[in-house]
Amino acid sequence: MINRIRDVRRARRMTLDDVARRCDPPTTAQTIGRLETGMRTLSLAWLNRIAAALEVESSALVSTAAASELPVIALLDSTGAQPLSRTENAVLPSPTEQMVAMRVTGSLGEYRSGDMLWLRRIAPDAITSALNRDVLVPRPAGRFVFGRLIARDGERIQILPPGVGTRQQVVNNPPWLAVAETLIRAL
């Protein structure tokens, strides 16, 4: 079994301390570091706590085969492509039980025709964790609304669809919503 906690944590741009504080109950960065490196035994309880802190399924933190990674060979910034100062890998996304996908068929806002979005379903009690993120929300009669979650007022949530001049949509008591996590765009 291969421990992928460090890979997932880095891909989410979180520090050891970020993960430690988000654990329930909180722990120390040193403990998370020891669990990542195998200096401390990774129990199922620890695996579940860290997965919750990283907001991923626990299965994303371990692998029985070599992890699907790509070596990062350069960084791109406003001055152009730059060499790396240290070795880095890009962790490829792997679908989990809570993941769903949405295909973009017409350009809208920052999304282009042909894009594929991977979204993670969350329960209504976790909706506030998705504020200011793009979400897909089910509506009655098999319809959906997609856009930025801008507010929650009791059981009502307010969504601002992408694009110029769009009007906010209000959805009452959705059974779930899905938070956009990964954009796949062919060039």
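All values derive from a computational prediction rather than experimental measurement.

The rules behind each value
- Residues numbered from 1 in each chain as written.
- Predicted model: local features only at pLDDT ≥ 70, side-chain atom pairs only at ≥ 80, totals over all residues.
- Heavy atoms only, no water.
- Helix = DSSP H or I, 4+ residues; strand = E, 2+ residues; numbered from the N terminus.
- Buried < 20%, exposed > 50% of the residue type's maximum accessible area, 1.4 Å probe, protein only.
- Contact = heavy atoms within 4.5 Å.
- Areas by Shrake-Rupley, 256 points an atom, 1.4 Å probe, with all protein chains shown as cover.
- Lys, Arg positive; Asp, Glu negative; His and termini not counted.
- Charge placed at Lys NZ, Arg CZ, Asp CG, Glu CD.
- Pairing = 2+ DSSP bridges.
- Axes fitted to C-alpha atoms, helices over the stretch in contact; angles between N-to-C directions.
- Core = buried A, V, L, I, M, F, W, Y, C linked by side-chain atoms within 4.5 Å.
- Phe/Tyr/Trp six-rings, centres within 6.5 Å; stacked < 30°, edge-to-face > 60°.
- Lys NZ or Arg CZ within 6 Å of the ring centre and 35° of its normal.
- Salt bridge = Lys/Arg side-chain N within 4 Å of Asp/Glu carboxyl O.

Chemist: What should I look at first to understand the overall build of the chain in this one?
Modeler: Across its full length, the chain carries 4 helices and 13 strands. For the chain, the residues scored as buried account for 32% of the 187 residues in total. Sequence-distant contacts in the chain: of pairs separated by 6 or more residues, those separated by 24 or more amount to 46%. Element-wise, carbon and sulfur atoms account for 52% of the exposed surface of the chain, whose accessible area totals about 11700 Å². Between the mean site of the 24 positive side-chain charges and the mean site of the 18 negative ones, the chain shows a separation of 2 Å.

Chemist: What's the story with the sheet that holds strand 12 (residues 169-172) in this structure? I'm lost.
Modeler: Where strands meet in a sheet, backbone hydrogen bonds hold them as pairs that are either parallel or antiparallel. Strand order in the open sheet formed by 7 strands is 7-8-13-9-10-11-12, and the pairing between neighbours is antiparallel. Two strands bound the open sheet, and with one partner strand each, they are strand 7 (99-103) and strand 12. Each adjacent strand pair in this sheet contributes to an overall mean axis angle of 45 degrees, direction not counted. In this structure, strand 7 lies alongside strand 8 (residues 116-122), joined through 5 bridges in antiparallel fashion.

Chemist: I'm lost on the side chain of T31 in this one. Help?
Modeler: By the secondary structure assignment, T31 is in helix 3 (residues 29-37). Once you skip the residues sitting within four places of it in the chain, T31 turns out to touch R40 and W46.

Chemist: Help me understand the nonpolar core, please; the structure alone is not making it clear to me.
Modeler: Proteins that are soluble and globular tend to have nonpolar side chains buried together. Counting 19 residues, the largest nonpolar core has V19, I32, L42, I50, L54, V56 and L61 as the members making the most contacts within it. By residue number, the principal contributor to this core is helix 4 (residues 44-54), which donates 6 residues. Not counting residues within four places of it along the chain, the set of residues in contact with V56 comprises V8, R12, A51 and L61. Of all hydrophobic cores here, the second largest spans 12 residues; its members include I122, V145, I159 and L177.

Chemist: Where do I start with the packing of aromatic side chains in this structure?
Modeler: The way to describe two aromatic rings as a pair is by their centre distance and the angle between their planes. All chains considered together, the criterion is met by 2 aromatic pairs. Seen from their ring centres, F144 and W176 are 6.5 Å apart, and the 55 degrees between their planes marks the pair as tilted. Linking F144 in strand 10 (residues 144-153) with W176 in the loop between strand 12 and strand 13 (177-184), this pair joins segments that are 32 residues apart in sequence. Taking NZ or CZ as reference, R49 lies 4.1 Å from the ring centre of W46, over its face.

Chemist: Just checking my understanding: could you explain the pattern of salt bridges for this structure?
Modeler: Pairing is possible between side chains that carry opposite charge, provided their charged atoms lie close to one another. A full pass over the atoms with the stated rule returns 9 salt bridges. Its salt-bridge partner being R6, residue E36 comes within 3.1 Å of it at the nearest N-O pair. In this pair, E36 sits in helix 3 while R6 sits in helix 1 (residues 5-11), placing the two residues 30 residues apart along the sequence. Residue classification places E36 among the buried residues on the basis of a relative accessible area of 7%. Residues E36 and R9 are paired through a salt bridge, measuring 2.5 Å at the closest nitrogen-oxygen approach. Of this pair, E36 sits in helix 3 while R9 is found in helix 1, placing the two residues 27 residues apart along the sequence. R9 shares its class with E36; the two are buried. Beyond isolated ion pairs, a larger network of salt bridges with shared partners links R12, R22, E55, R120 and E181.

Chemist: Help me understand helix 3 in this model?
Modeler: Given 3.6 residues per helical turn, the α-helix brings residues three or four places apart onto the same face. The complete set of buried residues in helix 3 reads T31, I32, G33, L35 and E36. Turning to helix 3, the residues buried within the fold contact strand 1 (2-3), helix 1, helix 2 (16-22) and helix 4. G38 occupies a position one or two residues after helix 3 and carries a positive phi of about 85 degrees.

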